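Examination of the molecular architecture
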Amino acid sequence: MRRLLLTAVLLLFSMQLLSAENGQNKRMWSVVISSPFKSEGDVSDQGYLQEVIPRAVTSYLEKHEGINVMLDESTASRASDENLKGALVDRGIKADFIITGTVLFGQDSTSVRLNIINTLLNRKQKLDTEPLKLSAVIDAPMSSMSSSINSVLDVFIKENLVELQPSPYRGFASFLSYFSAGMDAGRIIPRGDWSNIYNNSWIVSPYISINSSGLIPYTSFIAGMDYFSTDSENKDGAEYSYLNQMHSYSPWGGVALTLPAGPFRFSLTAGAGISMTTFRYYDDTAEDGPVRVVSGEEISNNLYVKSSFSIGLSMGPVTLRAGAGYSIIFEQKSNMDALTFFGGVSTNCLSP
């Protein structure tokens, strides 16, 4: 009974897959042939070929199963290959594939250069024909040319079927497209009294962001972690003769406004969080050894705010950026202000 039930389930599943595949394969594809073809060289008395050839190609391609062929002889068909799809859409014509051509008139021979455009994948395939024998221009040369076109169309159709095939991961991929991740690194420069105690240091800031443009245009919500470690080594003054180390972990959340301008991204970020800071004091009066003697340690959790401005260069799925920021740790004794200068990289949606 179990085997029978399993067989029935597998059979039903296979029939569903076969039905979906057949549904895709039975789709009719639209082909628009732009006429007249363009010309290069001395046309002389053979200019009629610019109209005869696309008509002959249309006649031959109509025998191809699964495609509808349309010969477009309007003035809009004279648009460049890059603008032809838009010109067709403006007239309410949907084209899966567009064929344009150029008749190359030479002193001793005439040939045709075809461009077959796949509008779904934005791909173009160029075909150069053998020199035409004018006495048989509607016979063997057209048959050979149409056969080459059919071969290209068959490849394009298979690629389009793969592109249009529903993916079980498409929903998850769509969900992930709202997220981006990135990492910034740079120098942090303490300000005010803190600059008398601590040296400049490196700061590292990993983060993730969620595209919130659907709520507020050009914005994203961000969650990140800022980390830096510094010390008082080589600072002047007897009161700083001991070594004082500071480590700070600052988880934070905020909002970024990112304005695109061509390949560039201009971003303003503001956020707040908690700075978990550890101050560690070492006894320099102890005898030198491989391990320093810790004379005291203080842990402090305080409000942390930050803001930054950056300029990014979008390079496909990756954005490179550089910028500057200002942060404040609201210590109980005295606020710690610091400047940061950083560079970074982010992926996917809006870069903060």
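Since the model is a prediction, treat every value here as computed from it, not as a measurement. (Residues numbered from 1 in each chain as written. Predicted model: local features only at pLDDT ≥ 70, side-chain atom pairs only at ≥ 80, totals over all residues. Heavy atoms only, no water.)

This next bit is on the overall build of the protein. Scanning the protein from terminus to terminus reveals 6 helices and 14 strands. For the protein, with 352 residues in total, the buried portion stands at 38%. Nonlocal contacts in the protein, meaning residues at least 24 apart in sequence, comprise 61% of its contacts between residues at least 6 apart. Accessible surface, the protein as shown: approximately 20400 Å² in total, 58% of it carbon and sulfur. (Helix = DSSP H or I, 4+ residues; strand = E, 2+ residues; numbered from the N terminus. Buried < 20%, exposed > 50% of the residue type's maximum accessible area, 1.4 Å probe, protein only. Contact = heavy atoms within 4.5 Å. Areas by Shrake-Rupley, 256 points an atom, 1.4 Å probe, with all protein chains shown as cover.)

Next up on the list: the environment of G186. By the element assignment, G186 lies in strand β7 (residues 179-190). Judged by relative accessible area, G186 falls into the buried class, the value being 4%. Counting along the chain gives 138 residues from G186 to A324, while the straight-line C-alpha distance between them is 9.2 Å. In contact with G186, not counting residues within four places along its chain, are S201, W202, I203, F341 and F342.

Judged by nonpolar contacts, the single largest core of 28 residues is most densely connected at I53, M145 and I149. Broken down by secondary-structure element, the contributors of at least two residues to this core are β1 (29-34), α2 (49-61), β3 (67-72), β4 (97-105), β5 (110-118) and α4 (140-164). Considering each element in turn, this core owes the most residues, 8 residues, to α4. Excluding its chain neighbours within four sequence positions, the residues that come into contact with M145 are I53, V57, V112, L114, T129 and L132. Ranked by size, the runner-up nonpolar core spans 16 residues in total, among them Y198, I203, A256 and F279. (Core = buried A, V, L, I, M, F, W, Y, C linked by side-chain atoms within 4.5 Å.)

Residues of helix α3 (residues 81-90) that are buried include every one of D81, L84, A87 and L88, and no others. Taken around the axis of α3, the buried residues stretch over an arc of 95°, which confines them to a single face. For α3, the exposed residues set more than 90 degrees away from the buried face come down to E82, V89 and D90. Buried residues belonging to α3 abut β1, β3, β4, β5 and β6 (123-128). Immediately downstream of α3, the backbone of G92 shows phi near 80°, a positive value. (Arc of directions from axis to C-beta.)

Applying the stated criterion across every chain, the model contains 9 salt bridges. Here R280 makes a salt bridge to E297, at a shortest N to O gap of 2.7 Å. Residue R280 is located in strand β11 (residues 264-282), and its partner E297 is located in strand β12 (residues 294-315); the two are separated by 17 residues in the primary sequence. The exposure class of R280 is partly exposed, given its relative accessible area of 24%. Several salt bridges share partner residues, and in doing so they unite E51, R55 and E73 into one network. (Salt bridge = Lys/Arg side-chain N within 4 Å of Asp/Glu carboxyl O.)

So, on to the packing of aromatic side chains. Aromatic ring pairs: the centre-centre distance and the angle between the two ring planes describe each pair. Under the counting rule described, the total for this entry stands at 5 aromatic pairs. Ring geometry for W29 and F97: centres 6.0 Å apart, planes at 40°, overall tilted. Taken together, the residues W29 in strand β1 and F97 in strand β4 connect sequence positions 68 residues apart. On the accessibility criterion, W29 (2% relative accessible area) is buried. One aromatic cluster is present, built from ring pairs that chain together W29, F97 and F156. Its guanidinium or amino end placed over the ring of Y60, K63 lies 4.8 Å from that ring's centre, counting from NZ or CZ. The positively charged end of R187 is found above the aromatic ring belonging to W202, 5.0 Å away from the centroid. (Phe/Tyr/Trp six-rings, centres within 6.5 Å; stacked < 30°, edge-to-face > 60°. Lys NZ or Arg CZ within 6 Å of the ring centre and 35° of its normal.)

Quick look at the side chain of N118 now. Mapping N118 onto the fold places it in strand β5. Looking at N118, the relative accessible area reads 0%, which means it is buried. Look past the residues within four positions of N118 in its chain and what remains in contact with it is D96, F97, R123, F156 and N160.

Moving on to the confidence of the model for the protein. Any region with low pLDDT has predicted coordinates that should not be read closely. Summarising the model, the protein shows a mean pLDDT of 79, and 79% of its residues fall at 70 or more. Of all secondary-structure elements in the protein, the lowest mean pLDDT belongs to helix α1 (residues 2-25), at 43, while strand β13 (residues 318-329) reaches the highest, 94. In the predicted structure, residues 237-241 sits below a pLDDT of 50 and forms 5 contacts with residues beyond four places in sequence or in another chain. (pLDDT = per-residue confidence, 0-100.)

Regular strands have side chains that alternate between both faces of the sheet. Residues M336, A338, T340, F342, G344 and S346 of strand β14 (residues 336-347) are buried on one face, while the alternating residues D337, L339, F341, G343, V345 and T347, pointing to the opposite face, are not. Pairing between β7 and β14: 9 bridges, direction antiparallel. Across the sheet, G182 pairs through a bridge with S346, a residue of β14. Inspection of the sheet shows β13 paired to β14 by 12 bridges, in the antiparallel sense. From the neighbouring strand, G325 faces β14, where its bridge partner is T340. (Pairing = 2+ DSSP bridges.)

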